[in-house]
Every structure is written in structure tokens, then in C-alpha cells.
Amino acid sequence: LFMQDIEAIGAVIGQPLSGAAQTVLITTHQNPDADAMGSSLGLAGYLRKKGHRVTVVTPTDYGQNLYWMPGNDDVIAFDEKVRVTVAQLMEEADVIFCLDFSSLDRIRDLAPMVRQSRARKILIDHHLEPEAFADLALWDPSAAATAELVFRLIVQLGDKDLLDVPIAECLYSGLMTDTGSFRHSNTTGDVHRMAAELLDLKIDVSSIHRRIFDNVSLDKFRLLGYVLNEKLKVVPEYKFAYITLTDAELKQYRSKTGDTEGMVNYALSVEGVVMAAILIDRNDEIRLSFRSIGDFSVRELVSKHFNGGGHRNAAGGRSKLSLAETEKKLLTILPQYQQQLLETV
Ligand code: 5GP
Ligand code: MN
């Protein structure tokens, strides 16, 4: 099951030279990762080349390891100080592209603005169970990355010749990170064919990998050291490992946006572990991030118990309980999944 309104999307953005330049706003999910930013900025670069006026607006700020991306300087990260500006952009937009998220609750303060805007809304995404808010969609949950869908859009609209190094760097970043550097089970032949096409444009993949992954602040490493030493807990009877982080701990290590990203993967890497979680106290709510291997679906667990969703092997949600209560709730529901967890290899 998928939605591919490529022709209709082409009709909206296809003919700027004949006088139909559009005012476009692109947005993506909160705490945007490299696929969110890469797909958004790649699409922005492409649409600008087609003559449209484009602004990228994110619901929150994001990791500094993404600031190098072409087009980053023009991104508006929402906070209260820019509310009026952003509201105006939403008003003026002819088209709003929603990238790398499938339900409006993932864009925080931007959700009511997008909902109310009279702009045409176009979803480009690979998450499951999309909310029906968009007018058009390029939605395919079998796509490895939203960047893959942006690439597919450009190619299928016959605009492959518009791909250049800046656009390719953005799209490659999304593809590389959402496939775990081409090692997760979503790494298909199409993924490698897309990577090959981008490589043919002479992008420097080694440098991109370094800019994204080998660009870690000492504070982040110190926090990681603390977490691995003191906070990583393993529950062997459920093949489960998890981490909790309080607000005070984050402050103590001067944690910045993005510093906890990827941390949950250390828990999943522990031998014998099938499911991993990180629970983080983020002002007024607990954010939960889950990972699993094989057939065990953390999406199912999260959507049932923690008000979220995602993919089978990577999902996230939230809780309004305290951190300690959220941890307790999680440990209380584990027995329901014990058999499934123990059967997963
Ligand atoms: P992460 O754990 O890296 O924040 O998110 C992993 C995946 O879970 C994301 O790709 C996203 O699909 C999904 N996800 C994370 N948080 C939420 C949430 O609050 N709601 C929903 N529906 N999905 C989420
Ligand atoms: Mn993605």
C-alpha cells in the first residue's frame, strides 16, 4: 500500500518558467535528524532551481553536525521569537511540503499553523500510518529514507539533470543515516543505485560521513561515558537494555540538542539484547526512543503504551508521567512481551 501522487505533485511544482512560481514552505519533524534536514534541504535546492521561492522551517533546532548542509543558513528553526514570522510564512505559502513525518503531532507548535493554512499540503514520507491531513502524498513506508523519495520525485519528474553536488550531498546524508550507513535491513538495491547516482556527481562521501558522525563535542562524549558507565541497565530475562536520563544529568553534562541521538543504539548493541530504549526527561514530558532487532516490533509497543509510533525496529513516543513512573510502567508491561522477546534472535 502506498501513495504516489507524483504526476499531481509535478503539476503543482512543474512549470515555474511559464509563470507559476510557487511560494513554498518545507517543514519536517521536531529534533530533525539528517534525513529530515537532508530531504528538506535537498528538496529546497531542487525547487529553487525550478524557480520557486522556498523557505525551510523546522519545529525545533537540531544538531550542529547538520549545519554544514547546503541551504542551512536560510533555515528558520521555530521558537517563540519567530512565531509571528513563521505564522506569516504559513499564511503566504501556496504549498507546504511535509517531509519525514506522518502525523502532525510530530511538528509541535507548527501543527496548528499547518492545519489551518490554506496552502496545498504535500506529504513526502516513509513512516507508517499517515494522518490524513495532506492533499497530495508521495508516501512509501518501504522507502529507506525520505531522501530516497525526494530523489524518486526528482527523477520521475524528468529533472535528474537538475541534481547537483549541493542537492546530492543533502540527499546522500539522509540516505546514509537512515540506513545506518547502508547496513540496516532497509538497505535495498534501489538504495545502492541511488547512492551510486549521487556518487557519480562526485560528492565526497567520506567527508560527508565525517562531518555528520566524527564531529562530536567533548561534552557529548563525556555524557556518553557517564551513560555507559552508570546508566545503562540490562534486563536479561527480557533481552532488554535501557537508559534513563534526568534533566539534571543533561544539564550537568551541558547536553545540547542532538547529543542523545544514537545513544539508544549502544543499548541495542549489548550482546543478547533484542530491544533497547532510552527515556529522557525533556521539559514537561518524557521522550522515549526504542530500537529492536528482527521481527520484534517496537512500533507496536510504543503505539499501544507510549503515545507514539515509527517503524518496526525504530520507534518513539512520550509520556506525561514522571521519569521514575515512566520507567516503572515500562518494566511493568515487559512481561506481556517476554515470549516474543525471547523468541527473537
Ligand atoms: P527516534 O527514536 O530516533 O526519535 O525515532 C525513531 C523513529 O520513531 C522515527 O523515525 C519516527 O518514525 C518515530 N517516532 C519518534 N518519535 C515519535 C513520536 O512521538 N510519534 C510517532 N508517531 N513516531 C515517532
Ligand atoms: Mn527518515
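Keep in mind that what you see is a predicted model, and the values were worked out from it rather than measured.

J.: Honestly, the overall build of the protein chain in this entry has me stumped. Any pointers?
T.: The secondary structure content of the protein chain amounts to 13 helices and 13 strands. The C-alpha atoms of the protein chain give a radius of gyration of 20 Å, which matches the 20 Å a tight globule of 345 residues would have. By its C-alpha atoms, the protein chain is 65 × 45 × 40 Å across when sized along the principal axes. For the protein chain, with 345 residues in total, the buried portion stands at 43%. Taking the contacts inside the protein chain whose residues are at least 6 apart along the sequence as the reference set, 66% of them involve residues at least 24 apart.

J.: Looking at this model, I keep getting lost on the confidence of the model for the protein chain. Mind explaining?
T.: Caution applies to low-pLDDT regions: their predicted coordinates should not be interpreted in detail. This prediction gives the protein chain a mean pLDDT of 95; 98% of its residues lie at or above 70. Among the prediction metrics, the complex's ipTM stands at 0.95, with pTM recorded as 0.90.

J.: Quick question: what am I supposed to make of the packing of helix α6 (residues 165-178) against helix α8 (residues 205-213) here?
T.: Viewed as axis vectors pointing N to C, α6 and α8 meet at an angle of 65 degrees, and their least axial separation amounts to 11 Å. Crossing of α6 over α8 shows right-handed handedness. On α8, the residues that touch E169, Y172, S173, M176 and T177 of α6 are V205, I208, H209 and I212. Considering only residue class, the contact of α6 with α8 consists of five nonpolar, three polar and one charged.

J.: For this particular structure, what's the right way to read the domain arrangement of the protein chain?
T.: Where interface size is quoted, it is often the accessible area lost as the parts come together. Splitting the protein chain by domain gives domain 1 (3-213) and domain 2 (218-343). Inter-centroid distance (C-alpha atoms) of domain 1 to domain 2 is 27 Å. Taken together, the contact between domain 1 and domain 2 spans nine residues of the former and seven residues of the latter. Looking at the side of domain 1 that touches domain 2 residue by residue, the classes come out as two nonpolar, four polar and three charged.

J.: Explain the site of ligand 1 here, please?
T.: In the neighbourhood of ligand 1, 13 residues make up the surrounding shell, with S289, G308, G309, G310 and G316 lying closest. Taken together, the elements giving at least two residues each to the shell around ligand 1 come down to β12 (309-310) and β13 (314-319). Broken down by element, the shell around ligand 1 gets its largest block of residues, five residues, from β13. Of the residues assigned to the shell around ligand 1, the class counts are two nonpolar, nine polar and two charged. Shared between two domains, the shell around ligand 1 holds at least three residues of each, these being domain 1 (3-213) and domain 2 (218-343).

J.: Even after reading the chapter, I still don't get the UniProt feature "domain: DHHA1" (unreviewed entry) in the protein chain, so can you show me in this structure?
T.: Here the UniProt-annotated "domain: DHHA1" (unreviewed entry) positions come out as residues 253-332. The annotated region residues 253-332 carries 30% helix and 30% strand content, and the separation between its end C-alpha atoms amounts to 30 Å.

J.: Even after reading the chapter, I still don't get the sheet that holds strand β5 (residues 95-99), so can you show me in this structure?
T.: Here we have seven strands laid out as an open sheet, ordered β1-β7-β6-β5-β2-β3-β4, and mixed in their pairing. Taken across any chain shown, the strands that pair with only one partner, and hence form the sheet edges, are β1 (3-4) and β4 (76-77). Direction of pairing for β1 relative to strand β7 (residues 136-139): antiparallel, over a ladder of two bridges. Residue pairing in the sheet places Q4 in a bridge with L138 of β7.

Conventions we followed
Residues numbered from 1 in each chain as written. Chains lettered and ligands numbered in written order. Predicted model: local features only at pLDDT ≥ 70, side-chain atom pairs only at ≥ 80, totals over all residues. Helix = DSSP H or I, 4+ residues; strand = E, 2+ residues; numbered from the N terminus. Rg over C-alpha atoms; globule rule 2.2 N^0.38 Å. Buried ≥ 20, exposed ≤ 12 C-beta atoms within 10 Å, placed from the backbone. Contact = placed C-beta atoms within 7 Å. pLDDT = per-residue confidence, 0-100. Axes fitted to C-alpha atoms, helices over the stretch in contact; angles between N-to-C directions. Left-handed = near helix turned anticlockwise from the far one by under 90°. Nonpolar A, V, L, I, M, F, W, Y, C, P; charged D, E, K, R; others polar. Domains from an automatic or database assignment. Near = placed C-beta within 6 Å. UniProt positions renumbered as here; feature names shortened; annotations may be inferred. Pairing = 2+ DSSP bridges.

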